[in-house]
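Structural overview for review
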Amino acid sequence: MNFLQPLGAIGFLAPALILALYFLRRKHTDLPVPSTLLWRQTAEDASAAHPFQRLRKNALMLLQLLIAALLAFSLMRPALPGRVAGETVMIFDCSASMQAKENGVSRLETAVEKAREHINAMRSDAPLTILSVGGETRQALSRSLDRSLAREALSSLRAENTGADLSPALSLARAMDAELGGVTILIFSDSFFPQPGVTVIGCGQGAENRALLSFTAVGDTAVARIANYGKDAELTVECSADGALCDAKRVFAGEGENVSVFFRAPENAQILLARLVDEDAIETDNAAYFVRRDAGETKVALAGSNTFLEHALQLRQDVRLIRTTQEEWDGLEGVKLYVRDGDTVVFSRSAGFPPVTAGEVQAAEDPLSLASSAGAEALTRYLTLSGVALRQYRPLSGGEAFLRCGQDAVGVWGEDWAALGFDLHDSNLPLKYDFPVMIQNILSYLAPQDEGVKDGKCGQSLTLSAGGQVTTPLGRTLFVEDMGVFADTGEAGLYRLRAEGKEYPFAMVMEPGESDVRAAAETVYEGEAGPRTGQQEITGWLLLAALLLILLEGGLSRRVGAY
Amino acid sequence: MLDEQFLHKLDALRPRLLSRARGGAGGSRASRMLGTSAEFSDFREYAPGDDIRRIDWNAYARFDKLFLKLFMEEQEAHITILLDGTASMGEKWPCACQIAEAYAYAALSGGDRVRIAIAGEGGVSAAPFGTGRRDYLRLSSFAAAYTPKGQADLSQLVRALTPYPKGLTLTISDFLWEDAGQKLFSALRFRGQEVCAVQVLSPQELRPAYSGALRLLDSEGAPALSLTVDERLLRQYQDRLNRFLLSVRENCHKNGAPYVLMDTGEKAEDVLIRQFLQSGILE
């Protein structure tokens, strides 16, 4: 029980005064009489007739003391723990870190339990809104007075495999507060920083976790990168190829360290899986897939005979080079890229000539340099042009520059073409490391490899070039239209798209940033030292009781006689 | 001291005895003892109510006043006026003295031998018997000089009183005792007395008007009594008083004693003669 006005305890002086008055009242006036015989007999008669007279006198005093005590008590404004009044908005952080288990209970389960306690403490006329925030914000309950619906909403909450941005939900809650006033905003999270007007209910204590950061394979070697978000540990990592265990390693990871583990894996295995065997706080990030993708064939028609160019084009395994002439291009089918080699080198998706104009041949007085134009990164990535010399060139116009010689553009690109303004023989570029890299960049830009569906992070939307049937890691089957957006990527693990008679596996991984659960948010109350609790003041009841006792005392005092 | 006018009214009255007087000197009362002569004894002035057959017409003719000739052999009664001299009679003492004086005058006028005995702390103090009106002053002074005090058991004192010739005792008291006077009456009867009783109570005793928290202090030293007096208690007191007065009256009746209740708030001279005549204490 709380007392809203503790200073009211001074009212307890009243019972003390009553006692004092009662004893003072006992001072009688002395009256000499000839004889007390008849008075004594009268008093005995009265006692005999009313045996409870003395008791009534004592009862009067007790009643008066009780009344005084009730009034004094009411001055202190006692309040029983009651229910919280006012509307409440509960925002639940459903990010991947809320999956972390501590003592067998996940952080989200802890949050739900705490939320239930809050709901039980709410008054029945207090509306409740529940928002869950994972990959997106969802409204699980809207201004409801039905507590059974609230409990259902809480039960339906699930921690996702994504991060969570609580800002939109918080903005919504603040807007409700601004409109309605007096709204209590509770955020159940393990990582939310305190903000004014918001009570953060901490849902974690800190836990150790290890995560597979990445998993890739080249040839018969697979590499897994492991992060240790905990104390020093010996970790066991398994590697499976197409469902069969093929290798396992034990590795030591120091506290906070990232370590790499190498496996031997069959070269022809399509699906490789790395898995941390040891239990930790989050299980989802203990597995990582690597999908070997069959790129298919990319036809490239080459008009010219530059050997360096041919080799550079064929470095990509899916490229099928067709040596031909420009005149024969119209008869070719399925060509993804047309390459004209001459005093300029032109790459284009179509057989037609792109809108680029070459100027007169000029001697190169400046070294070749990369042009810093927007969008050129795809063509210039990994290029250094160190030691690349150019003898002469034709300045190009049209498109955006990605190579320059002085002020002149010697490499330009457009939406579906790219061009070099020099004869490869007039440069030592083909002899440099940059040449195959640049050719691969141009290939990737103009004739990207058909790798099916790319891997991604849970919650990420994918645009599927081909419609079909998607099977999720948990076995759900979904249908996606051609060029449709596939957004149901909340499950971590291996998905399979079946389209055009082919199967395209792809993996979605948990948000890596959610794996570190060593820290957890503490409970921070909105502007007060403790939780906001409801209180039910009982002053009115005390006053009513005192009034009833006063009436009883009045009736009883009329009947009290000698004592 | 009673005034002359009141005493004059008492001239024609005398104590009434149920039994014939015996012994003593000649008095105005017919005795059972048969006299051998009709010797003239005395004259007494006529008072209304006297037997007119006893009027001495010769004296009338001579003095032009009516006189009664006491020529029959008549004997005196010994009358004791027993006054309660305890402390409870304090404020009632003047009234008690008036009653005693009036009765003594009537008895002396009637030819009886009268004495006043005051029973109180220290025993009984009795004046010698007197006869004739000449002893009235002596007796009245004797009573008036006394101050009630202390407490006493009158029944015990009466048993020990000597001399105590047979006769009549008029007891003047408030009778505020547990036995309502029964032991006293028994003791007097034991001593061969006819008893008359005059109960004297003050207005505060008959109609108390107290209220509030009081501590009653008994004048005779009984333990103090703390009360809160309200209307209810006053009603209960009246009930108790009435029962007490009834008890006294019943005790008097049982002992053949005429009884009078005197309120000291009333003027004794106004009510005394009427009450005494009605009760039969005087005739």
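Above: the structure in question.
Below is a short write-up of the structure. Just so we're clear, the structure is a prediction, and the values are computed from it rather than from any experiment. (Residues numbered from 1 in each chain as written. Chains lettered and ligands numbered in written order. Predicted model: local features only at pLDDT ≥ 70, side-chain atom pairs only at ≥ 80, totals over all residues. Heavy atoms only, no water.)

**A few points about helix α3 (residues 93–109) of chain B**
All names here are of chain B. Heads up, the condition is: Counting from the N terminus, the helices are DSSP H or I runs at least four residues long and the strands are E runs at least two residues long. By this rule the span expected of a helix is its residue count minus one, scaled by 1.5 Å. Only protein chains enter the accessibility calculation, which uses a 1.4 Å probe. A residue is then buried if its area is under 20% of the maximum for its type, exposed if over 50%, and partly exposed in between.
In a regular helix each residue adds 1.5 Å, so 17 residues correspond to 24 Å; α3 covers 24 Å between its end C-alpha atoms and thus fits that length. Most of α3 is tucked away, with 15 of its 17 residues classed as buried. Looking one or two residues beyond α3, the residue adopting positive phi is G111, at roughly 90 degrees.

**Section: the environment of R53(B)**
By secondary structure assignment, the location of R53(B) is in the loop between β2 (42–45) and β3 (55–56). Sequence spacing of R53(B) and L68(B) is 15 residues, and the spatial spacing of their C-alpha atoms is 8.6 Å.

**Comments concerning the side chain of T380(A)**
All names here are of chain A. Put simply, the test is: The contact rule is simple, with two residues in contact once any of their heavy atoms fall within 4.5 Å.
As for its position among the elements, T380 is in helix α8 (residues 377–380). Given a relative accessible area of 13%, T380 falls into the buried group. What T380 contacts, discounting residues up to four positions off in sequence, is L370, F402 and N441.

**Brief notes about the environment of L149(A)**
Looking at the secondary structure, you find L149(A) in helix α5 (residues 147–156). Here L149(A) is in contact with L141(A) and S144(A), once residues within four sequence places are set aside.

**Focus: the sheet that holds strand β7 (residues 113–120) of chain B**
Residue and element names in this part refer to chain B. Condition: Two strands pair under a simple rule: DSSP has to find at least two bridges between them. What counts as an axis is a line fitted to C-alpha atoms, over the stretch in contact for a helix, and the angles between N-to-C directions run from 0 to 180 degrees.
Strand order in the open sheet formed by six strands is β8-β7-β6-β9-β10-β13, and the pairing between neighbours is mixed. If you trace the sheet from one side to the other, it starts and ends with β8 (123–126) and β13 (259–263), each paired once. When strand polarity is set aside, the average angle formed by the axes of neighbouring strands in this sheet is 20 degrees. Where strand β9 (residues 167–173) and strand β10 (residues 193–201) come together, seven bridges link them in parallel fashion. Bridge assignment links T171 to a residue of β10, and that residue is A197. Packed onto the sheet, helix α6 (residues 182–190) meets β6 (78–84), β9 and β10 and runs at close to 155 degrees relative to β10. Strands β10 and β13 of the sheet are contacted by helix α9 (residues 268–279), whose axis makes an angle of about 165 degrees with β13.

**Comments concerning unusual backbone geometry**
The omega angle of the peptide bond from T162(B) to P163(B) is -10 degrees, so this bond is cis rather than trans. With a phi close to 70 degrees, Y382(A) is a non-glycine residue in the positive phi region. Relative to the helices and strands, Y382(A) is located in the loop between α8 and β25 (392–393). On the basis of relative accessibility, which here comes to 62%, the residue Y382(A) falls in the exposed class. Located in the positive-phi region is F175(B), a residue other than glycine, with phi close to 55 degrees. Along the chain, F175(B) turns up in the loop between β9 and α6. Classification of F175(B) as buried rests on a relative accessible area of 0%.

**Things to note about the state of the cysteines**
All names here are of chain A. Worth spelling out the cut-off: Disulfides are defined as pairs of cysteine sulfur atoms found within 2.5 Å of each other.
Under the definition given, this model contains zero disulfides over all chains. The thiol of C246 is unpaired, and the distance to the nearest cysteine sulfur, on C239, comes to 3.5 Å. Given a relative accessible area of 30%, C246 falls into the partly exposed group.

**Concerning the packing of α3(B) against helix α4 (residues 136–144) of chain B**
Residue and element names in this part refer to chain B. Going by this rule: Any angle that is under 35 degrees is reported as roughly parallel, and any over 145 degrees as roughly antiparallel; angles of 65 to 115 degrees are reported as roughly perpendicular and all others as oblique. Throughout, a crossing is termed right-handed when the near helix is turned clockwise from the far one, and left-handed when it is turned anticlockwise from it by less than a right angle. Gly falls in the polar group here, along with every residue not listed as nonpolar (Ala, Val, Leu, Ile, Met, Phe, Trp, Tyr, Cys, Pro) or charged (Asp, Glu, Lys, Arg).
Axis separation between α3 and α4 bottoms out at 10 Å; the angle between their running directions is 160 degrees. Taken together, the axes of α3 and α4 lie roughly antiparallel to each other. Crossing of α3 against α4: the hand is right-handed. Contact residues: α3 offers W93, C97, E101, A104, Y105 and L108, while α4 offers Y136, L139, S140, A143 and A144. When grouped by side-chain class, the residues that make up the contact of α3 with α4 number nine nonpolar, one polar and one charged.

**Some thoughts on a nonpolar patch on the surface**
The line we're drawing: Each patch groups residues whose relative accessible area exceeds 30% and which form no salt bridge, using 9 Å between like charges and 5 Å between nonpolar side chains of Val, Leu, Ile, Met, Phe, Trp and Tyr. To measure how exposed things are, a 1.4 Å probe is used in the Shrake-Rupley method; for residues, cover is taken only from the protein chains shown. For salt bridges, the criterion is a side-chain nitrogen of Lys or Arg within 4 Å of an Asp or Glu carboxyl oxygen.
The grouping of W541(A), L544(A), L547(A), L548(A) and L551(A) at the surface amounts to a nonpolar patch, some 570 Å² of accessible area in total. If you trace the backbone, L551(A) turns up in helix α10 (residues 539–559).

**Re the packing of α6(B) against helix α8 (residues 231–254) of chain B**
All names here are of chain B. Following both chains from N to C, one finds α6 and α8 inclined at 15 degrees, their axes separated by 9 Å at the closest point. Considering their axes alone, α6 and α8 lie roughly parallel with respect to each other. Considering only the axes of α6 and α8, their crossing is right-handed. Contact with α6, carried on its side by Q182, F185 and R189, involves V248, N251, C252 and K254 of α8 and no other residues of that element. Partitioning the contact of α6 with α8 into residue classes produces three nonpolar, two polar and two charged.

**Section: α8(B)**
When the terminal C-alpha atoms of α8(B) are compared, their 34 Å separation across 24 residues agrees well with the 34 Å that a helix rising 1.5 Å per residue should span. Count one or two residues on from α8(B) and you reach G256(B), which has phi positive near 65 degrees.

**Quick word on the sheet that holds strand β2 (residues 29–33) of chain A**
The strand order across the open sheet formed by three strands is β2(A)-β11(B)-β12(B), and the pairing between neighbours is mixed. In this open sheet, the two edge strands, each paired with only one partner strand, are β2 of chain A together with β12 (225–229) of chain B. Sheet twist, expressed as the mean angle between neighbouring strand axes with direction ignored, is 35 degrees. Sheet topology places strand β11 (residues 212–218) of chain B next to β12(B); five bridges connect them, and they run antiparallel. Bridge pairing in β12(B) links L216(B) to L225(B).

**Description of the interface of chain A and chain B**
Selection rule: What gets called buried area is simply the loss in accessible area from a 1.4 Å probe that two parts show on being joined, summed for both.
Counting from both sides, the interface comprises 24 residues of chain A and, opposite them, 33 residues of chain B. The contact between chain A and chain B buries some 2800 Å² in all, and 61% of this surface belongs to carbon and sulfur atoms. Ranking the residues of chain A by area buried against chain B places P34(A), L38(A) and W39(A) at the top, with a combined share of 27%. One can count three salt bridges joining chain A with chain B. Counting only elements with at least two residues in the side of chain A that touches chain B, the list comes to β2 and α2 (37–49) of chain A. With nine residues, the single largest contributor to the side of chain A that touches chain B is α2(A).

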